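Observations on the three-dimensional arrangement
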Amino acid sequence: MSGKHHDDHDHDHNAPESGPALRVKAIETLLVEKGLVDPKALDALVDTYENKVGPRNGARVVARAWVDPAFKASLLEDAAVAIEEVGLAAGPQGEHLTALENTATVHNMVVCTLCSCYPWPVLGLPPVWYKSAAYRSRAVSDPRGVLHEFGLDLPAGVELRVWDSSAELRYMVLPMRPAGTEHLNEEELAALVTRDSMIGTAIVAAPTAAGATK
Amino acid sequence: MNGIHDMGGMHGFGPVVREHDEPVFHAEFERRTFALALVMMGSRRFNVDEYRRTIERMPPAQYLAASYYEKWLYAFEQLLIEKGVVARHEIDVVMAALRAGAASNGAHRAAVRANDEPQGSGAGDHNSAEMAQHENVAVGDVSRATSDETKTAHAGGDSAALSEALGGGARSLRLDQSYRPRFKPGDRVIARNLNPEGHTRLPRYARGHHGTIHRDWGVFVFPDTHAHGTGTKPQHCYAVEFGGRELWGKDHPAGERVYVDLWEDYLDFPLEVDTGEAQPRSAAARKHSSKSGKSHKPGAKSRTTKPSRRVAAKNDGRGTPNP
């Protein structure tokens, strides 16, 4: 990394001369020297969470639940076990995973007001907004205001349930299957499912409007 | 602690700002911090509750100014030093060497060694690290070597193997010890008005409010003690349902509920609440109150240890971070 100094105007943190980059480099160097850490293991972890684990995993779970009632039942019973059926496993931060079903009368959304707990095996690492003070402070006290900022205004009469991940339980929302998707197969359905719909700050849009949200 | 991290219900942070096409990591230091913290936690140099507790100890202004991974780095460094895994002077020396561009030729190693010599008190960092490990015996088996675990972590992206490699993750925070639950789904409860200076996972906004037990999640390690090395204090953890108006007042919109996962020591039956203040009420109520006041001191409960059918993982009190 040294020597890339002038390339890093946009991202000061990448410059080893700057605070956190230099500090973590020094700590890693020390831990490797002491034989406590294998740099290759660190690389593998980064690769896993940067490239292999992410919301596409959760989308597969949702799509399966939409097409397979038996799977949906086991997902709602114990999501940490059920996700094995789609080739996932309850890894770090998903050991105690619970799926929350959205219906025509109940909408669920998930937050961690105390830190940023998030179901890694199905959604990957959380986006910055999920970890922000704005979301953590308001999701419990002004959830409809937050949803409005996400472009979601729930119909009157829909009960809003906010889940604060204050312990070791992790939550994913099972969004409603949009109308007009009867002809789609599981894979096509999975492509419609967004990360935010599994946090509960969005709903899954019908195919015509798909791709509008993240 | 009543810290800045306990944000539920606070005002003034503005709208939720989203980033379009957000990358998983925004800088290389985030990648390294994430992976290092995970591996060190997996090798049980410190547990997830200690980690969260350490982030919460960040000075409030610094906490608000720091990015997520800057908070991780702060806590990670702090714990490595406190546990004797590395010394602050070592970090300073290597940082200086890296700044001077000496990282590649190993000059900083000599510098570290030279700097190590006069540090008699620590008796060498490896010994301190050893001690840190022994401290953790109370909450886990430290027999497996770090290198084995990192090798396994390296073996692939399989999530379960990864979890195992990282020390079992949060799975190990749910225990197979059996305790008769004090509450059952449907019970009305009140979240205690606790204000500990130490770590707690009872959010301020829930304290003193009435709720209903929604679900019993089983027996978990108690973070308030686990974060301070004073034991796992296993107890049931429940999803507790609070009405929006119960939490935020009668003018709050109807049709909202907030579910908070709360440990048994955070909860009382409503009639048990003793504010500790003399209030005008009937003699009978006072009598009841003072009587029950004794029984809800933490740890003083009469919890029956009766075998239940819950099956879970080892009692080794480890976990992965997710601050």
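Here the structure is a predicted model, which is why all the values come from computation and not from measurement. (Residues numbered from 1 in each chain as written. Chains lettered and ligands numbered in written order. Predicted model: local features only at pLDDT ≥ 70, side-chain atom pairs only at ≥ 80, totals over all residues.)

For chain A, the helix and strand inventory stands at 11 helices and 4 strands. Taken over 214 residues, chain A has a buried fraction of 56%. Within chain A, residue pairs in contact and separated by at least 24 positions form 64% of the contacts whose partners lie at least 6 positions apart. (Helix = DSSP H or I, 4+ residues; strand = E, 2+ residues; numbered from the N terminus. Buried ≥ 20, exposed ≤ 12 C-beta atoms within 10 Å, placed from the backbone. Contact = placed C-beta atoms within 7 Å.)

A count of helical and extended segments in chain B gives 12 helices and 5 strands. Residues counted as buried form 44% of the 323 residues belonging to chain B.

Within strand β4 (residues 256-263) of chain B, 8 of the 8 residues are buried, which leaves it mostly tucked inside the rest of the structure. The pairing of strand β3 (residues 159-164) of chain A with β4(B) spans 5 bridges and is classified as parallel. Looking at β4(B), one finds that Asp164(A) is bridged to Val260(B). As judged from the 7 bridges shared by strand β3 (residues 235-243) of chain B and β4(B), these two strands associate in the antiparallel manner. (Pairing = 2+ DSSP bridges.)

Attention now goes to the interface of chain B and chain A. A common way to express how large an interface is: the accessible area buried when the components associate. Each partner contributes residues to the interface: chain B has 83 residues there, and chain A has 76 residues. At the level of elements, α1 (28-42), α4 (68-82), α5 (88-99), α8 (146-154), α9 (159-165), β2 (210-220) and β4 of chain B are the ones that each hand at least two residues to the side of chain B that touches chain A. When residues of the side of chain B that touches chain A are assigned to their parent elements, the largest contribution, 10 residues, is made by α1(B). In terms of residue class, the side of chain B that touches chain A is made up of 44 nonpolar, 18 polar and 21 charged. (Nonpolar A, V, L, I, M, F, W, Y, C, P; charged D, E, K, R; others polar.)

Quick look at α5(B) now. Residues and elements named next belong to chain B. Between the first and last C-alpha of α5 there are 16 Å, a value that for 12 residues agrees with the 16 Å anticipated at 1.5 Å per step. Along α5, the residues that are buried comprise Glu90, Ile91, Val93, Val94, Met95, Ala97 and Leu98. Directly beyond the C-terminal end of α5, a positive phi value near 80° is found at Gly101. (Expected span 1.5 Å × (residues − 1).)

This brings us to the nonpolar core. As a rule of thumb, nonpolar side chains are buried together in soluble globular proteins. The biggest cluster of nonpolar side chains holds 130 residues, and the ones touching the most others in it are Ile83(A), Leu36(B) and Leu262(B). The contact partners of Leu262(B), leaving out residues within four places of it in the chain, are Ser166(A), Ala191(B), Leu202(B), Cys237(B), Tyr238(B), Val240(B) and Leu267(B). (Core = buried A, V, L, I, M, F, W, Y, C linked by C-beta atoms within 7 Å.)

The predicted coordinates of low-pLDDT regions are not to be read in fine detail. Scored by pLDDT, chain A comes out at a mean of 90, with 89% of its residues at no less than 70. Across residues 1-15 of chain A, confidence stays below pLDDT 50; counting only partners more than four residues off in sequence or on other chains, it has 20 contacts. (pLDDT = per-residue confidence, 0-100.)

A few words now on the pairing of strand β2 (residues 106-111) of chain A. The side chains of a regular strand alternate, first on one face of the sheet and then on the other. Residues and elements named next belong to chain A. The element β2 is extensively covered by neighbouring structure, given that 5 of its 6 residues are classed as buried. In this sheet, β3 lies alongside β2 in parallel orientation, the contact comprising 6 bridges. Residue pairing in the sheet places Met109 in a bridge with Val162 of β3.

A few words on the sheet that holds strand β5 (residues 267-268) of chain B. Taken in spatial order, the 7 strands of this open sheet run β2(A)-β3(A)-β4(B)-β3(B)-β2(B)-β1(B)-β5(B), and their pairing is mixed. In this open sheet, the two edge strands, each paired with only one partner strand, are β2 of chain A together with β5 of chain B.

Residues and elements named next belong to chain A. Between helix α3 (residues 55-67) and helix α4 (residues 69-77), whose axes approach to 5 Å, the crossing angle comes to 125°. The orientation of α3 relative to α4 falls into the category oblique. Once α3 is placed against α4, the crossing between them reads as left-handed. For the pair α3 and α4, contact is made by Val61, Arg64 and Ala65 and by Phe71, Lys72 and Leu75, respectively. Grouping the amino acids of the contact of α3 with α4 by side-chain chemistry returns 4 nonpolar, no polar and 2 charged. (Axes fitted to C-alpha atoms, helices over the stretch in contact; angles between N-to-C directions. Parallel < 35°, antiparallel > 145°, perpendicular 65-115°, else oblique. Left-handed = near helix turned anticlockwise from the far one by under 90°.)

The subject of this paragraph is the packing of helix α2 (residues 48-56) of chain B against α4(B). Residue and element names in this part refer to chain B. Here α2 crosses α4 at 115°, and the two axes come no closer than 9 Å. Regarding the angle of α2 to α4, the classification is roughly perpendicular. The two elements α2 and α4 meet at a crossing, and its hand is right-handed. Across the interface between the two elements, Glu50, Tyr51, Thr54 and Ile55 from α2 touch Lys71, Tyr74, Ala75, Gln78 and Leu79 from α4. Counted by class, the contact of α2 with α4 contains 5 nonpolar, 2 polar and 2 charged residues.

Phi is positive for Asp21(B), close to 50°, though the residue is something other than glycine. On the secondary structure map, Asp21(B) appears in the segment before α1.

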